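Descriptive structure summary
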Amino acid sequence: MTLIKFIEIMAILVGAFSGFIEARRKRMDLVGVFTVAFITAFGGGTLRDILLDKRPLFWVTHQEYAIAIFVLALVASPLIRTLRQIVSERLIVVADAVGLGLFSIAGTSAALAAEMPIFIASMMGVITGIFGGVLRDIVCNEVPMVFRDGKPYAICAFLGNWLFLLMGKYGVSHDFALWSSCLFISGLRLLTWKFDMRMGR
Amino acid sequence: MTLIKFIEIMAILVGAFSGFIEARRKRMDLVGVFTVAFITAFGGGTLRDILLDKRPLFWVTHQEYAIAIFVLALVASPLIRTLRQIVSERLIVVADAVGLGLFSIAGTSAALAAEMPIFIASMMGVITGIFGGVLRDIVCNEVPMVFRDGKPYAICAFLGNWLFLLMGKYGVSHDFALWSSCLFISGLRLLTWKFDMRMGR
Amino acid sequence: MTLIKFIEIMAILVGAFSGFIEARRKRMDLVGVFTVAFITAFGGGTLRDILLDKRPLFWVTHQEYAIAIFVLALVASPLIRTLRQIVSERLIVVADAVGLGLFSIAGTSAALAAEMPIFIASMMGVITGIFGGVLRDIVCNEVPMVFRDGKPYAICAFLGNWLFLLMGKYGVSHDFALWSSCLFISGLRLLTWKFDMRMGR
C-alpha cells in the first residue's frame, strides 16, 4: 500500500515537470502553466478514477500536491529558462520514461483493486500512463503525439501492464511484480528511444 | 431488454468501423487507430453514463468489445487499405446512418430508465448519437464536423428521439416504438444526405 | 440557499449569451450554436460536479434552462446579427465579468458544501468560473484564451475565492461574504480590463 503511494507521488512530480516545460514552450501565461502542469500530472489518474467512479480523487484528498504545483508554477518561469540550459534532452526523456512506468503500473493496480476484468485493467493502466500527455496535447491544440509519431510509447506501457498482471496471476510476490514491471516499462521505453524504433503504419 | 442490448452491439461495431477509417485517414499509428476507434464507438455512451453517473460502463462489463476493437486495430491497417477500395462512400454513409439511429434511441432509452426529465432524455439520446464523432474530431484536432457543416445530422437524431418519447407517452408498444424510431432517424439521415439538404446559418 | 440559486441562474444566462456570440463568430450551424452555448453556460459547473461526484447535475434537474437555451439558439441567428450592432463590446465585457464573479463564488461555495479542503475549494471555484470558456475554446479548436493572453482573468477569480474563504473563516456573515466576493471579482476584472493589465510570462 505505501509502495503504491510512493509510486504515485514520484509519478506526479515527474508529470508536473514535463507539463511545465511543455506549457513554457507554448509561451503560456501563469494560469496556463499551472493548469497544463496540473492536467499533465493528474489528468491520466483523474480520467481513470472518473471511469471507475472512484472518489475522492487523489489530488482532492492530498491538496499538498496541488499547492506544490501552484508554488512551482509561480517560480517556474525564470527557473525553467535556467533549467532548460542545464537539463539535457536526455534527462527529460529518462524522467518521462520513469513516469510512464510508475503511472501505468499504479493505474493497473488501482483498476485491479476496483475488480475490473483483466483486459480493462491493462487499458486503465495505459490510460493512467498516457492520458495526462494526451489531455495536455488537446489543451495545447495539437493532435496527441502519442497517437501519431509511431513510437512504441503506449505499447511499452501495455506490455508492462500485462507482465504485471501475469506475474500477479502466477503468484509472484506483489512488491517484486510492481517494481520489476515499472522497470520493464521504463527500460523498454528508453531502449526504443535509444534505437529510435518505430511501428509501421 | 435484449432488444436494447442488440441495438448497442450493432451501434458499437458500426462506430468502431467509422473510427478506424477516420484514424487511418489521419495517418495515425496503431495506438491512435485503436484509441480513436474506441472513442468513436464508446465515447457518446460513456459521456452519457458519466453525466447520468451510471456504472459500471458498458465496455467495462463487456471487455469482449474492447478486445475485439483491439484485435481489429491490429489487422486494420492492411485490411482498411483493401476495404477502402472495395467499400463505397455510399456504404459508409448508410452504416453511419444506421449507427446514428441505434445509438440515439439506445441513449434516450437509457436516460428514461434513469428517470431523466423528457427534454434531457432527448438531449442524452443526441449526445449518445453524436458525441463519439465529436470526441473523435476533438482528438483529431478539428472543429467537430457535426457543429459546422450545416447538415441536419443531430437534428435527425433529435426528431427521432421525440418520436420515440411521444410514442412511449401515447402507449405505443415499446418494441415497435424502438425500431420505428431507429428506422425514422436512419431513413431521415439518408434522405437529407441523398438530397444534400442544409440548414441555413 | 436561494441566494446561491439566484447566483447560478444569472451566471448561466450570461454564459449562454457569450457562447452564442462565440459560436456565431465561428460560423457554426444551429447544432453548433446550441451546443457551444450550452457548454459555455454549464461546462464549468458540470466539470466541477463530475470531479466532486455530485449528481444530479444542475441542468438535469432544471430542464427549463436547457429548453431556454434551445429556444434562444433557434432565434439566435437573426437576433445576434441585430444585437451585435446594438450591443457594444463594453457591455459584453461587463456581462462576462459579472458571470465570472457569480460562477466562481457559486463553485467555491459548492466545493465547501462538499467538504473539500480549502485550496481545492478555491480551485473548484476557478474551474467553475473559467472552464465553460476553456471547453468552448477546445471545441472551437483553439488554445484556450484564458491560458495564453496574459490577462489576469483566472487570477481575479482566484483572489476573490480566497476573499470569500477567508471571510467565511473569520465569521463574516455568509450573505455579505457571497455578494462582496462576487463584486470584488467582477470589479477587479473590469479594472484590469480598463487598464489593460497583463501578467509577465
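All figures in this text were calculated on a predicted structure; none of them were measured in a lab. (Residues numbered from 1 in each chain as written. Chains lettered and ligands numbered in written order. Predicted model: local features only at pLDDT ≥ 70, side-chain atom pairs only at ≥ 80, totals over all residues. Heavy atoms only, no water.)

1. What to know about the relation of the copies chain C and chain A
With an RMSD of 0.0 Å, chain C superimposes on chain A once it is rotated by 120 degrees and translated 0.0 Å along the axis. Between the two chains, the operation in question is that of a three-fold axis. Among all residues of chain C, the minimum C-alpha distance to the rotation axis is found for C:N141, at 3.7 Å. The residues that chain C uses at the interface reappear at the interface of chain A in only 14% of cases, marking distinct surfaces. (Least-squares fit on C-alpha atoms with pLDDT ≥ 70 in both. Contact = heavy atoms within 4.5 Å.)

2. Some remarks on the UniProt feature "domain: Glycine transporter" (unreviewed entry) in chain A
Taking the UniProt record as the reference, the feature "domain: Glycine transporter" (unreviewed entry) is found at residues 6-76 and 94-167 of chain A. Along residues 94-167 of chain A, the helical share is 77% and the strand share 0%, with 25 Å between the first and last C-alpha atoms. (UniProt positions renumbered as here; feature names shortened; annotations may be inferred. Helix = DSSP H or I, 4+ residues; strand = E, 2+ residues; numbered from the N terminus.)

3. Things to note about the interface of chain A and chain B
Between chain A and chain B, the contact holds 28 residues from the first and 27 residues from the second. Between chain A and chain B, roughly 2200 Å² of surface is buried when both sides are summed, and carbon and sulfur atoms account for 71% of that area. Between the two partners, chain A and chain B, sit zero salt bridges. Looking at the side of chain A that touches chain B, the elements with two or more residues in it are α2 (30-52), α6 (118-139) and α7 (153-169) of chain A. (Buried area = accessible area lost by both parts, 1.4 Å probe. Salt bridge = Lys/Arg side-chain N within 4 Å of Asp/Glu carboxyl O.)

4. A word on the nonpolar core
With 189 residues, the main nonpolar core has A:W59, A:I130, B:W59, B:I130, C:W59 and C:I130 as its most contacted residues. Sequence-distant contacts of A:W59, that is, excluding residues within four places in its chain, are made with A:F38, A:F42, A:T46, C:L51, C:I120, C:M123 and C:M124. (Core = buried A, V, L, I, M, F, W, Y, C linked by side-chain atoms within 4.5 Å. Buried < 20%, exposed > 50% of the residue type's maximum accessible area, 1.4 Å probe, protein only.)

5. Observations regarding helix α5 (residues 89-113) of chain A
Two residues of an α-helix separated by three or four positions point the same way, owing to the 3.6 residues in each turn. An ideal rise of 1.5 Å per residue puts 36 Å on 25 residues; α5(A) measures up with 36 Å between its terminal C-alpha atoms. With its phi angle positive at about 60 degrees, A:E115 sits one or two positions after the end of α5(A). (Expected span 1.5 Å × (residues − 1).)

6. Focus: the relation of the copies chain A and chain B
Superposition record for chain A on chain B: RMSD 0.0 Å, screw rotation 120 degrees, translation along axis 0.0 Å. Little of the interface of chain A is mirrored in chain B, where only 14% of its interface residues again form contacts.

7. Some thoughts on the confidence of the model for chain A
On average, chain A scores 89 in pLDDT, and the residues at 70 or more come to 95%. For this predicted complex, the interface confidence score (ipTM) comes to 0.91, while the overall pTM stands at 0.94. (pLDDT = per-residue confidence, 0-100.)

8. Topic: the packing of helix α7 (residues 153-169) of chain C against helix α8 (residues 174-194) of chain C
Residue and element names in this part refer to chain C. The N-to-C vectors of α7 and α8 enclose an angle of 160 degrees; their axes lie 9 Å apart at closest approach. Judged by the angle between their axes, α7 and α8 are roughly antiparallel. Where α7 crosses over α8, the two elements pack in a sense that is right-handed. Across the interface between the two elements, Y153, C156, A157, L159, G160, N161, L163, F164 and M167 of α7 pack against H174, F176, A177, L178, S180, S181, F184, I185, L188, R189 and T192 of α8. A class-by-class count of the residues in the contact of α7 with α8 yields 13 nonpolar, six polar and one charged. (Axes fitted to C-alpha atoms, helices over the stretch in contact; angles between N-to-C directions. Parallel < 35°, antiparallel > 145°, perpendicular 65-115°, else oblique. Left-handed = near helix turned anticlockwise from the far one by under 90°. Nonpolar A, V, L, I, M, F, W, Y, C, P; charged D, E, K, R; others polar.)

9. Concerning the packing of helix α6 (residues 118-139) of chain B against helix α7 (residues 153-169) of chain B
Residues and elements named next belong to chain B. Between α6 and α7, the shortest axis-to-axis distance is 9 Å and the interhelical angle comes to 135 degrees. In terms of axis orientation, α6 runs oblique to α7. Of the two elements, α6 crosses α7, and the hand of that crossing is right-handed. Here α6 contributes I118, F119, A121, S122, G125, V126 and I130 to the contact with α7, which in turn contributes Y153, A154, A157, F158, N161, W162 and L165. Tallied by class, residues from the contact of α6 with α7 come to eleven nonpolar, three polar and no charged.

10. Thoughts on unusual backbone geometry
Cis geometry marks the peptide bond from B:R55 to B:P56, where omega comes out at -5 degrees. Secondary-structure assignment places B:P56 in the loop between α2 (30-52) and α3 (58-61). Even without a glycine there, the phi angle at A:E115 is positive, about 60 degrees. The topology assignment puts A:E115 in the loop between α5 and α6. Accessibility expressed as a relative area gives 70% for A:E115, which makes it exposed.

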